[in-house]
Amino acid sequence: MEKNERSTTIPGKEKEVDIINIKGIEDIGYVQPDSIFLNSLTPEENTQCQHGLYFQDGERRVDYILTYHIKKPSSSRSNRQSSRFTDNAFTRSLRRGTARLGRPPPPQPRGDPEVASQDHSMDYHEDDKRYRREEFEGNLRDMGLELEKDEDTKTPGVGFVKIHAPWHVLCREAEFMKLKMPTKKVYEVKQCSGVGAKINTLVNKATEPLHPNVEENRAQNVKHLSYAFSREKQHLFDLSDRDSFFDSKTRASIVFEVLKRTKCTKAKYSMGITSLLGRGVYTAAYPLHDGDVDGENVEPNDRKLLYEEWASYSVFYKYQPIGLVRKYFGEKIGLYFAWLGLYTQMLIPASLVGVIVFLYGCATVDNNIPSMEICHPRNNITMCPLCDRACNYWKLKEACGTARASHLFDNPATVFFSIFMALWAAMFMEHWKRRQMRLNYEWDLTGFEEEEEELKDHPRAEYELCVMQKSLKKEHKTQKPTEIAEEPTNKWKQTVQSAMAGLKLTEKEKLTCRDRLPAYMTNIVMMLLMIGVTFAIVFGVILYRISITAALHMSNNPTTRSNVRLMVKTTAAIINLVVILILDEVYGAVARWLTVLEVPKTDKSFEERLIFKTFILKFVNAFTPIIYIAFFRGRLVGRPGSYLYVFESYRMEECAHGGCLMELCIQLSITMLGKQLIQNNLFEIGIPKLKKLIRYIKSKRRSFQEEEREKKLQRYETDHFLEPFAGLTPEYMEMIIQFGFVTLFVASFPLAPLFALLNNIIEIRLDAKKFVAELRRPVAARAKDIGIWYNLLRGVAKVAVIINAFVISFTSDFIPRLVYQYMYSPDGSMHGFVNHTMSYFNVSDFQDGKEPMDPHHLGYQVEMCRYKDYREPPWSNTPYVVSKEFWAVLAARLAFVIVFQNVVMLMSDIVDWLIPDIPKDISLQIHKEKILMVELFMKEEQGKMQFIDSMTPCDGKRRNNHAPIARSRSIPHTHSHTHANNF
């Protein structure tokens, strides 16, 4: 084996031929005998090899891992089974080698007598999976990858295929993928000058303690000119250290691209790595982490550095090492954490303003005239009952606490805060676009659009499978009956011909809207059904509040009766929270199932459809109870003597005298804090810990202890026990919903940005620790933006302006106070506002059976009671009809919505227009890069032409005639070669 491995290092074409010959000898299903017995390794072996980061030779790095299920033989048969594996590996490799030389292919697995004689107890499905693996791994070797198998590990029942991409494969795939790599050419990054430079210097010195101790996070004065890698232009790149030219993240992404393109074609359906994973042929596929994060004698690596400088709660006050995150995890994950970091930073000013608004409400509550009138001891206003029969008449001063609390959130400052948050959202979006453009420049993603278009056309394995099934059905219908009845003599030839025919049909076929019509109809029906379930649950909670309110009012405990509203509001909000948390998980699974039914063609299309469905369901689930309280509660009530009933017995609930804004605040705060505390933090911490505990309990039942096992596990075994990466959709979804809480109803809860800020400080480190220590390393994905999430953010920001306009206008008392102060107040003050907003009701007009059971509860006979509404008194010619004050207030409310919406959106557009999407310095640097790239190739072409001229034989006359020119060219010729060497 050592001889063969050394032969793979021969450069040039001979290297490729030798690798193919090696594949003819070394079977892909079972590796060479000396690679099976890992326990034979001596302590003097390479340390990295012992850790599982390299092949057995200690030189070739493991770039990717495939795992599969194996049936562990019993101890009495282990030696016999091992020798059987080795013999069959050799014979199968000989058969594969002869097949490559043009000899007839081997027969189908069922007809192979060797397989039949191996193990009669082997299940047919396991046998089929094994042959699928053999074919797939053989195809991987044909693509140039080098494989090594390990079945004798400390992980029972799991086999590992280690994949290494040699240099020529890395170069070939990097060119296909158009990976931008740094060239030898460097240029100076233009720095700010004058006052801007001094300001930047002061800011950098002030924030120096906030920067992580990471090299990638420091500002660089020079930058390497990047260019798409090309094997013809390798002289442009610094290839002095080939082992580090392509980092581990890039190597893994290259191998993953090869895995995606490699297919199993001997089966009835063409199967790629996704299909093989889905059918259990392989159980997992993942790249390796760079090393351990803690422990004794741990060698320095990027993962350990990220764990110390990013994933630790002790560095919560520091900036994120985004450059190192991108280097280790790729651009897509790097952009997520960059966006999350910027969002968290932008929450700081919003939190400060929100706290100031809240403190303003606290400071002015004692001077608020409406609440002073409600709380005045001489206030003798008798209010109508809040429910039928069980509720009694009550005094308005009993609502003193609610009125004072409402002022904390319902004051003139909240209007300013709503405008501020609308502009804040616009500035956040613009700031992110600039930050994103700067990252694109720093990460060499400025020319990524063409590559994205190519990636969009790459079909998913599920899509290919459906197209194949459609093609085979169409082919089966077009076959003649005699052809169907004919029994072919060569089953292998029939299988190959059917597979090739299916592939040809697949190239022409595609799934049409007619094919997807059942899936589309299922999507529409299920989405409407899920939204209906949400509405039904909200309606159920409404009935709960109505019935519990009536029940508590009949209590004999005076403390219970006095705190009915608070108890009902709080318990109902908690019920809503629990339901939201449960339905979130259900809706996530339903959205994925519906997306799978649609069979999108590309991964990008699948992700966007999944995100859209999940967002719609979770948004409706989270905000439906809040929207009901903000815009519907208290407006579908009716009036005393003519209330609106549900099911003829449940009277619709009313808002407190201070308005529904306080109840909206309670619902919003409990839902937001509950989701952040329980779903975003406890679930993310508790579920991985619980899974790890379960794995630990299972491992305790084995013959060795956990501590000993951890010491003996290879790197690929340790990563196998980590949780697989499930994508960024859950992470983004949490933040988008939180962004909705921060912006949509911020007029009712100014402290929402503060709680979001505190949550995000923990969330960043929690997600960082999860990615570094608890998840398998994801395959690095290139991206230049955050995709559909940006459009969702803009949509939420636009809707927030409208919703806040309606909250201020219809939910709060801001507009009625203005109307009273400027139209009806005798002295232009707020004195008399409470009395102005209440109407009279004659208790004799109660319907039969609806009056209070104890009319003398207050100690006297009540003839007139008051209720909050703008209606004519009972002694007028049109009793209980809405008054002109109602129409005046309604007109003012609608006018405010129109003015507020247009003014704020206009201001947002002005902010959008004033702030350029691309920073000026980045625009200049991108232009400079293009010029330098043109100069680089012009000099290269000039050098080539001069070299050709110098090598071309010329006659003496021509040399004499052109001698001065030749001499004049000799100077730049030498100069150009000097530059070429410097590049």
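Source: prediction; values computed, not measured.

Engineer: Looking at this model, I keep getting lost on the overall build of the protein chain. Mind explaining?
Structural biologist: Secondary structure assignment for the protein chain yields 38 helices and 14 strands. For the protein chain, restricting intrachain contacts to residue pairs at least 6 apart in sequence, the fraction spanning at least 24 positions comes to 80%. Of the roughly 48900 Å² that the protein chain leaves accessible, carbon and sulfur atoms contribute 59%.

Engineer: How do you make sense of the packing of aromatic side chains when you look at a structure like this?
Structural biologist: Where two aromatic rings form a pair, the distance of their centres and the angle of their planes describe that pair. According to the stated counting rule, one finds 48 aromatic pairs in the structure shown. One cation-aromatic arrangement involves Arg 651 over Tyr 643; the distance from NZ or CZ to the ring centre is 3.5 Å. Stacked on the ring of Tyr 840, the Lys or Arg Arg 866 has its end atom at 3.8 Å from the ring centre.

Engineer: Sorry, what's going on with the nonpolar core here?
Structural biologist: The nonpolar side chains of soluble globular proteins are, as a tendency, buried together. With 115 residues, the main nonpolar core has Trp 339, Tyr 343, Trp 424 and Phe 745 as its most contacted residues. Top contributing element to this core by residue count: helix α15 (residues 331-364), with 15 residues. Among all residues touching Trp 424, those that are not within four sequence positions of it are Tyr 343, Met 346, Leu 347, Ala 350, Phe 739, Val 742 and Thr 743.

Engineer: So what exactly am I meant to see when it comes to the packing of helix α23 (residues 513-553) against helix α26 (residues 603-631) here?
Structural biologist: When two helices pack together, you describe them by how their axes are tilted relative to each other and by the distance separating the axes. Orientation of α23 relative to α26, taken along the N-to-C sense of each, is 20 degrees, at an axis distance of 10 Å. Comparing their axes, α26 and α23 come out roughly parallel. Considering only the axes of α23 and α26, their crossing is right-handed. Of the residues in α26, those in contact with Tyr 520, Asn 523, Met 527, Met 530, Ile 531, Thr 534, Phe 535, Val 538, Ile 542 and Arg 545 of α23 are Arg 609, Lys 613, Ile 616, Leu 617, Val 620, Asn 621, Thr 624, Pro 625, Tyr 628 and Ile 629. Looking at side-chain class alone, the contact of α23 with α26 contains 13 nonpolar, four polar and three charged residues.

Engineer: Even after reading the chapter, I still don't get a nonpolar patch on the surface, so can you show me in this structure?
Structural biologist: On the surface, Leu 517, Met 521, Ile 524 and Leu 528 cluster together to form a nonpolar patch covering roughly 420 Å² of accessible area. As for its placement among the helices and strands, Ile 524 is situated in helix α23.

Engineer: Can you help me understand the UniProt feature "transmembrane region" (unreviewed entry) in the protein chain in this one?
Structural biologist: Here, UniProt's "transmembrane region" (unreviewed entry) annotation points to residues 336-360, 413-429, 524-546, 566-590, 610-631 and 735-758. End-to-end, the C-alpha atoms of residues 610-631 are 30 Å apart, and along that stretch the chain is 100% helix and 0% strand.

Engineer: In this structure, what is going on with the environment of Lys 149? I would like to understand it.
Structural biologist: Along the polypeptide, Lys 149 turns up in strand β2 (residues 146-150). Classification of Lys 149 by relative accessible area gives buried; the value is 5%. For the pair Lys 149 and Ile 163, spaced 14 residues apart in the sequence, the C-alpha separation amounts to 8.9 Å.

Engineer: Hey, could you run me through the environment of Gly 341 in this one?
Structural biologist: Along the chain, the position of Gly 341 falls in helix α15. For the pair Gly 341 and Asn 760, spaced 419 residues apart in sequence, the C-alpha separation works out to 8.5 Å. Among all residues touching Gly 341, those that are not within four sequence positions of it are Gln 320 and Ile 764.

Engineer: Can you walk me through the packing of helix α18 (residues 412-442) against helix α36 (residues 920-951) in this structure?
Structural biologist: With their axes 10 Å apart at the nearest point, α18 and α36 run at an angle of 25 degrees to one another. One element, α18, and the other, α36, form an angle in the roughly parallel class. Between α18 and α36 lies a crossing of left-handed hand. Between α18 and α36, the contacting residues are Met 437, Arg 438 and Tyr 441 on the first element and Asp 921, Ile 922, Gln 925, Ile 926 and Glu 929 on the second. Looking at the contact of α18 with α36 residue by residue, the classes come out as four nonpolar, one polar and three charged.

Engineer: Could you clarify how one ought to interpret the sheet that holds strand β6 (residues 284-286) in this entry?
Structural biologist: Strand pairing in a sheet relies on backbone hydrogen bonds. The paired strands run either parallel or antiparallel. A sheet is described by the order of its strands in space; here four strands give the open sequence β2-β3-β1-β6, paired in antiparallel fashion. The sheet terminates laterally at β2 and β6, the two strands that pair on one side only. Adjacent strand axes in the sheet meet at a mean angle of 20 degrees when their direction is disregarded. Across three bridges, strand β1 (residues 64-69) lies against β6 in antiparallel orientation. Bridging from a neighbouring strand, Leu 66 pairs with Ala 285 of β6. The sheet contacts of helix α11 (residues 248-261) involve β1 and β3 (158-164), and relative to β1 the element is tilted by about 50 degrees.

Engineer: I tried to follow the side chain of Lys 233 on my own but got confused; where do I start?
Structural biologist: Summarising the element assignment, Lys 233 is placed in the loop between β5 (222-228) and α10 (242-245). Using a relative accessible area of 16% as the deciding quantity, one classes Lys 233 as buried.

Engineer: Whenever I open this one, the state of the cysteines confuses me. Can you help?
Structural biologist: Throughout this description, disulfide means a covalent bond between two cysteine sulfur atoms. Scanning the entire structure with this criterion turns up three disulfides. Note on cysteine connectivity: Cys 375 is disulfide-linked to Cys 400, with sulfurs 1.9 Å apart. Disulfide Cys 375 to Cys 400: torsion about the S-S bond roughly 105 degrees, handedness right-handed. Of this pair, Cys 375 sits in helix α16 (residues 369-375) while Cys 400 sits in helix α17 (residues 400-409), and the two are 25 residues apart along the sequence. On the accessibility criterion, Cys 375 (23% relative accessible area) is partly exposed.

Engineer: What is the right way to look at the confidence of the model for the protein chain in this model?
Structural biologist: Predicted coordinates in areas of low pLDDT are best not read in detail. Predicted confidence across the protein chain gives a mean pLDDT of 77, with 78% of residues reaching 70 or more. Here helix α2 (residues 12-25) stands out as the element of the protein chain with the lowest mean pLDDT, 33, in contrast to α15, whose mean of 93 is the highest. Below pLDDT 50 for its whole length, residues 1-46 participates in 85 contacts with residues either more than four positions away or in separate chains. Segment residues 955-983 is flagged for pLDDT under 50; beyond a separation of four residues in sequence, or across chains, it makes 19 contacts in the model.

Conventions and cut-offs
Residues numbered from 1 in each chain as written. Predicted model: local features only at pLDDT ≥ 70, side-chain atom pairs only at ≥ 80, totals over all residues. Heavy atoms only, no water. Helix = DSSP H or I, 4+ residues; strand = E, 2+ residues; numbered from the N terminus. Contact = heavy atoms within 4.5 Å. Areas by Shrake-Rupley, 256 points an atom, 1.4 Å probe, with all protein chains shown as cover. Phe/Tyr/Trp six-rings, centres within 6.5 Å; stacked < 30°, edge-to-face > 60°. Lys NZ or Arg CZ within 6 Å of the ring centre and 35° of its normal. Core = buried A, V, L, I, M, F, W, Y, C linked by side-chain atoms within 4.5 Å. Buried < 20%, exposed > 50% of the residue type's maximum accessible area, 1.4 Å probe, protein only. Axes fitted to C-alpha atoms, helices over the stretch in contact; angles between N-to-C directions. Parallel < 35°, antiparallel > 145°, perpendicular 65-115°, else oblique. Left-handed = near helix turned anticlockwise from the far one by under 90°. Nonpolar A, V, L, I, M, F, W, Y, C, P; charged D, E, K, R; others polar. Patch = residues over 30% accessible without salt bridge, like charges linked within 9 Å, V, L, I, M, F, W, Y side chains within 5 Å. Salt bridge = Lys/Arg side-chain N within 4 Å of Asp/Glu carboxyl O. UniProt positions renumbered as here; feature names shortened; annotations may be inferred. Pairing = 2+ DSSP bridges. Disulfide = S-S within 2.5 Å. pLDDT = per-residue confidence, 0-100.

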